[in-house]
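So you can see what is in the structure, the chains are spelled out below.
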Amino acid sequence: APPPPIKAFGGKRKVLVDFSSPNIAKEMHVGHLRSTIIGDTICRVLEYCGHDVHRINHVGDWGTQFGMLISHMEEAYPDFTSNPPNITDLTVFYKNAKKRFDDDEAFKKKSRETVV
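Residues numbered from 1 in each chain as written. Predicted model: local features only at pLDDT ≥ 70, side-chain atom pairs only at ≥ 80, totals over all residues. Heavy atoms only, no water.

Let's talk about the pattern of salt bridges
On inspection of all chains with the given rule, the structure shows 11 salt bridges. In this structure, the salt-bridge partner of D40 is R55, at a minimum N-O distance of 3.2 Å. You can see D40 sitting in helix α1 (residues 34–48) and its partner R55 sitting in strand β2 (residues 52–58), a full 15 residues away along the chain. Residue class for R55 comes out partly exposed when judged on its relative accessible area of 35%. The partner of D103 in a salt bridge is K99, with the nearest N and O atoms 2.6 Å apart. Of the two residues, D103 and K99 both sit in helix α3 (residues 90–103), 4 residues apart, roughly one turn of that helix. Given the relative accessible area of 55%, D103 is considered exposed. (Salt bridge = Lys/Arg side-chain N within 4 Å of Asp/Glu carboxyl O. Helix = DSSP H or I, 4+ residues; strand = E, 2+ residues; numbered from the N terminus. Buried < 20%, exposed > 50% of the residue type's maximum accessible area, 1.4 Å probe, protein only.)

Put into structure tokens, the structure is as follows:
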């Protein structure tokens, strides 16, 4: 049985733990899991101690990535609505858009304005 809530916290408390999910806009690797594992561990310890734990788990700000992808699609494939590109390899599409975003200040500005 779990111990009574720790007295240092003044008894049972509602606790919010904000931690991130893996960045799904990037290729998955073990480093993406670190903050998720740490956040979940903190939640489990607090729950074990009897606290009312609420996990706030977010996937981050997608505005820039969506703006970058939309802008790249509009410029690289201006007739995309009637002649859609083959985007079976989304990693290549994303990398091409990201390269433009990193190399071209005007494209970067347009990408950001696309989603604001």
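Now that the structure has been shown, we can carry on.
A word on the side chain of S71
Position of S71 relative to the elements: it lies in helix α2 (residues 63–76). S71 sits in the buried class, given a relative accessible area of 0%. Ignoring any residue separated from it by four or fewer positions in sequence, one finds S71 in contact with F107, K110, S111 and T114. (Contact = heavy atoms within 4.5 Å.)

Focus: the side chain of H72
Locating H72 in the fold gives a position in helix α2. Residues contacting H72, with those up to four places away along its chain left out, are Y77, F93, N96, A97, R100 and F107.

Points about the nonpolar core
Counting residues in hydrophobic clusters, the biggest one holds 8 residues: M68, L69, M73, F93, Y94, A97, F101 and F107. Elements supplying a minimum of two residues to this core: α2 and α3. A total of 4 residues in this core trace back to one element, the largest contributor, which is α3. Apart from residues no more than four positions distant in its own chain, F107 is found in contact with M68, S71, H72, E75, A97, R100 and F101. With 6 residues, the next largest nonpolar core counts F19, C43, L46 and V53 among its residues. (Core = buried A, V, L, I, M, F, W, Y, C linked by side-chain atoms within 4.5 Å.)

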